[in-house]
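The primary structure of each chain is shown beneath.
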Amino acid sequence: QVQLVESGGGLVQTGGSLRLACAVSGRSFITYVVGWFRPSPGKEREFVAAISGGGVSTNDADSVKGRFTVSRDNAKNTVYLEMNSLKPEDTAVYYCAAVYGSTRYRRRDEYAYWGQGTQVTVSS
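Keep in mind it's a predicted model, so treat the numbers as computed, not measured.

Draft legend 1. Examining the pattern of salt bridges more closely. As enumerated under the stated definition, the model contains six salt bridges in all. Across the pair R108 and E44 runs a salt bridge, and its minimum N-O distance is 2.7 Å. You can see R108 sitting in the loop between β9 (92–99) and β10 (113–114) and its partner E44 sitting in strand β5 (residues 43–51), a full 64 residues away along the chain. A residue is classified by how much of its surface remains accessible, and R108, at 35% relative accessible area, is partly exposed. Here E44 falls in the exposed class, since its relative accessible area comes to 55%. Residues participating in the shared-partner salt-bridge network are R38, E46, R67 and D90.

Here it is, written out as structure tokens:
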């Protein structure tokens, strides 16, 4: 059984930064791709970023390229999402998800395990 718990959300002003964390419990953490998602107009869960088990391969949505960085610390079973230059349209509940698969996975139904989410609010 794989469980994911997000943390680090909060209220920040436009242009500010936040770092989200996704703590993953369960065996073989290093074999899992971990992704980040958020709701968007027309999509229940929009892909944001993903990172491979070894941390070598990442994949970012165009809307966050150059502003968000995904990383992981396999010694701590934790994946991070560093968010900089935040905009009001980044306001959302952010979810992390895990799958034994590929960083090319961008659809919600491709991920097997999900956290409960953490709220990020960017004020203008």
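Still to come is the rest of the account.
Draft legend 2. Main features of the sheet that holds strand β7 (residues 68–73). If you walk across this open sheet you meet the four strands as β1-β3-β8-β7, and the pairing is antiparallel. On the outer flanks of this sheet lie β1 (3–7) and β7, each paired with one strand and no other. Strand-to-strand twist of the sheet, defined as the mean angle between neighbouring strand axes without regard to direction, takes the value 20 degrees. Sheet analysis places β1 next to strand β3 (residues 18–25), joined by five bridges and oriented antiparallel. Counterpart to E6 in the pairing with β3 is C22.

Draft legend 3. Expanded view of the side chain of T78. Turning to its location among the elements, T78 is positioned in strand β8 (residues 78–83). In terms of polar contacts, T78 uses its side chain to reach the backbone carbonyl oxygen of K76, at 2.8 Å. The residues contacting T78, other than those within four sequence positions of it, are A21, C22, A23, F29, R72 and D73.

Draft legend 4. Region of the structure containing the state of the cysteines. In the structure shown here, the tally under the stated rule is one disulfide. The partner cysteine of C22 in its disulfide is C96, sulfur to sulfur 2.1 Å. Every disulfide takes its handedness from the sign of the S-S torsion; for C22 and C96 that torsion is 70 degrees, giving right-handed. Taken as a pair, C22 in strand β3 and C96 in strand β9 lie far apart in primary sequence, 74 residues in all. Given a relative accessible area of 0%, C22 falls into the buried group. Judged by its relative accessible area of 0%, C96 is buried.

Draft legend 5. Quick look at the environment of V12. Its place among the elements puts V12 in strand β2 (residues 10–13). For V12, a relative accessible area of 13% translates into the label buried. Once the C-alpha coordinates of V12 and T69 are considered, the two residues, 57 residues apart in sequence, prove to be 17 Å apart.

Draft legend 6. Main features of unusual backbone geometry. For S28, which is not a glycine, the phi torsion comes out positive at approximately 60 degrees. Relative to the elements of secondary structure, S28 occurs in the loop between β3 and β4 (33–40). Residue classification places S28 among the partly exposed positions, given a relative accessible area of 47%. The residue S85 is not glycine, and still its phi comes out positive at about 50 degrees.

Definitions and cut-offs
- Residues numbered from 1 in each chain as written.
- Predicted model: local features only at pLDDT ≥ 70, side-chain atom pairs only at ≥ 80, totals over all residues.
- Heavy atoms only, no water.
- Salt bridge = Lys/Arg side-chain N within 4 Å of Asp/Glu carboxyl O.
- Helix = DSSP H or I, 4+ residues; strand = E, 2+ residues; numbered from the N terminus.
- Buried < 20%, exposed > 50% of the residue type's maximum accessible area, 1.4 Å probe, protein only.
- Pairing = 2+ DSSP bridges.
- Axes fitted to C-alpha atoms, helices over the stretch in contact; angles between N-to-C directions.
- Polar contact = N/O pair within 3.5 Å; in protein donor to acceptor, adjacent residues only side chain to side chain.
- Contact = heavy atoms within 4.5 Å.
- Disulfide = S-S within 2.5 Å.

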